[in-house]
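Below are the chains, spelled out letter by letter.
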Amino acid sequence: MFESLTQRLSGTIERLRGRGRLSEDNIRESLREVRIALLEADVALPVVQALIERIKVRAVGQEVLKSLTPGQALIKVVRDELTTVMGAQTSELNLNVPSPAVILMAGLQGAGKTTTVGKLAKHLKERRKKKVMVVSADVYRPAAIEQLQTLAKQVDVIFFPSDLTQEPEAIVRAAIADARKSFVDVLIVDTAGRTSIDEAMMAEIKALHGAVDPVETLFVVDSMTGQDAAVTAKHFSDALPLTGVVLTKTDGDARGGAALSVRYITGRPIKFIGVSEKPDGLDVFHPDRIASRILD
Ligand code: GDP
């Protein structure tokens, strides 16, 4: 069973009682517990180290309010720091550009990109009343194009056909021209992912990004991949000007650490989370809930 940080700290908190001020010495043991709790929540190691440093700077020297025990004061510092990193507000998609607004999806193979394209198309159509077109620029896997076609039919949005003989940039240019003629509001572009970071894939998606100038570039990442999620996030965020993140498969991950890692590394808001395999399995992400998930 996952032990919350508050439970974890109960022992070291007792020992902090009766001190009026948090100092590096008296919080050392408690910070060790915070570190273990973050690692157990699957936050990536470099991010844990950076967070502990920030928490320490914020905590040391702080007066303990009369209404709080020193332990509670430290937990408040941790909560405030996690909230600062995650942001407090939900973040919608930016569609404030001349139509069609292009959304480019980036991420490793298996992360859930194609599934998320279907979910986003449904979300935009039903909740924001947009006319949506989807296109696949994955010219390596015919199954990926077929999968997108099936999803488009299922959620009833326009599918722009593509095939393996075409260049990704040419496909997307043709889709944009067609979307413009058909008064499409939003064009979602699915892209090829590899199973691991690969220079050719990065070069291709960078070129595609340059050619189509999307208003949203969403990094799709599997929340179950733990420490790897952080490494992948770093590569994609260095290569592309990401505007947001979709964290998938959160239905299989109760720990919430990947959200912290990916947010910290990319500096970009997590806009949505995947909560099932189904087309309606997409929720708006509430960053303020992450601190509670780890602490309470
Ligand atoms: P892609 O290679 O990045 O396009 O990944 P896919 O969209 O094909 O997804 C890979 C697998 O993850 C599929 O079996 C999806 O059904 C599954 N998947 C995607 N998102 C979610 C999610 O939020 N929850 C669950 N449980 N499964 C998901």
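Everything discussed here concerns the structure shown above.
Residues numbered from 1 in each chain as written. Predicted model: local features only at pLDDT ≥ 70, side-chain atom pairs only at ≥ 80, totals over all residues. Heavy atoms only, no water.

Enquirer: Just to check I follow, could you spell out the environment of Ala 143 for this structure?
Expert: Within the secondary structure, Ala 143 sits in helix H7 (residues 142–155). In this structure, the C-alpha to C-alpha distance between Ala 143 and Pro 287, residues 144 residues apart in sequence, is 35 Å. (Helix = DSSP H or I, 4+ residues; strand = E, 2+ residues; numbered from the N terminus.)

Enquirer: I keep staring at helix H12 (residues 288–295) and nothing clicks. Help me out?
Expert: Given 3.6 residues per helical turn, the α-helix brings residues three or four places apart onto the same face. Within H12, the full set of buried residues consists of Ile 290, Ala 291, Ile 294 and Leu 295. The arc enclosing the buried residues of H12, seen along the axis, measures out at 120°, which places them on a common side. (Buried < 20%, exposed > 50% of the residue type's maximum accessible area, 1.4 Å probe, protein only. Arc of directions from axis to C-beta.)

Enquirer: Hey, could you run me through the nonpolar core in this one?
Expert: The nonpolar side chains of soluble globular proteins are, as a tendency, buried together. In this structure, Leu 38 and Leu 260 are the most contacted members of the largest nonpolar core, which totals 66 residues. Every residue in contact with Leu 260, bar those within four places of it in the chain, is listed here: Leu 38, Val 43, Val 47, Leu 51, Leu 82, Val 85, Met 86, Ile 290 and Ile 294. Counting residues in hydrophobic clusters, the runner-up holds 26 residues, among them Ala 121, Val 134, Val 155 and Leu 282. (Core = buried A, V, L, I, M, F, W, Y, C linked by side-chain atoms within 4.5 Å. Contact = heavy atoms within 4.5 Å.)

Enquirer: Can you help me understand the packing of helix H4 (residues 45–59) against helix H11 (residues 257–266) in this one?
Expert: Look at H4 against H11: their axes get within 10 Å of each other, and the N-to-C directions meet at 80°. Taken together, the axes of H4 and H11 are roughly perpendicular relative to one another. Within the contact between the two elements, H4 uses Val 47, Ala 50, Leu 51 and Arg 54 and H11 uses Leu 260, Ser 261, Tyr 264 and Ile 265. Across the contact of H4 with H11, the residue classes break down as 6 nonpolar, 1 polar and 1 charged. (Axes fitted to C-alpha atoms, helices over the stretch in contact; angles between N-to-C directions. Parallel < 35°, antiparallel > 145°, perpendicular 65-115°, else oblique. Nonpolar A, V, L, I, M, F, W, Y, C, P; charged D, E, K, R; others polar.)

Enquirer: Quick question: what am I supposed to make of the packing of helix H6 (residues 113–126) against H7 here?
Expert: Each pair of packed helices gets described by two things: the angle between the helix axes and the distance between those axes. Packing of H6 against H7 brings their axes to within 9 Å, and their N-to-C directions diverge by 25°. As judged from the angle between their axes, H6 and H7 are roughly parallel. The way H6 lies across H7 gives a crossing that is right-handed. Every residue of H7 that contacts H6 at Thr 114, Thr 115, Val 117, Gly 118, Ala 121, Lys 122 and Lys 125 is listed here: Ala 144, Gln 147, Leu 148, Leu 151 and Val 155. Per-class residue counts for the contact of H6 with H7 are 6 nonpolar, 4 polar and 2 charged. (Left-handed = near helix turned anticlockwise from the far one by under 90°.)

Enquirer: Any chance you could explain the pattern of salt bridges here in plain terms?
Expert: Once the charged atoms of two side chains with opposite charge are near each other, the side chains can pair. Counted according to the given criterion, the structure contains 12 salt bridges. In this structure, Lys 249 engages Asp 222 in a salt bridge whose closest nitrogen and oxygen atoms are separated by 3.3 Å. Note that Lys 249 is positioned in the loop between strand E6 (244–248) and H11 and Asp 222 in strand E5 (residues 216–222), a separation of 27 residues in sequence. Take Lys 249: its relative accessible area is 33%, and that puts it in the partly exposed class. Where salt bridges share partners, they join Arg 54, Arg 58 and Glu 81 into one cluster. (Salt bridge = Lys/Arg side-chain N within 4 Å of Asp/Glu carboxyl O.)

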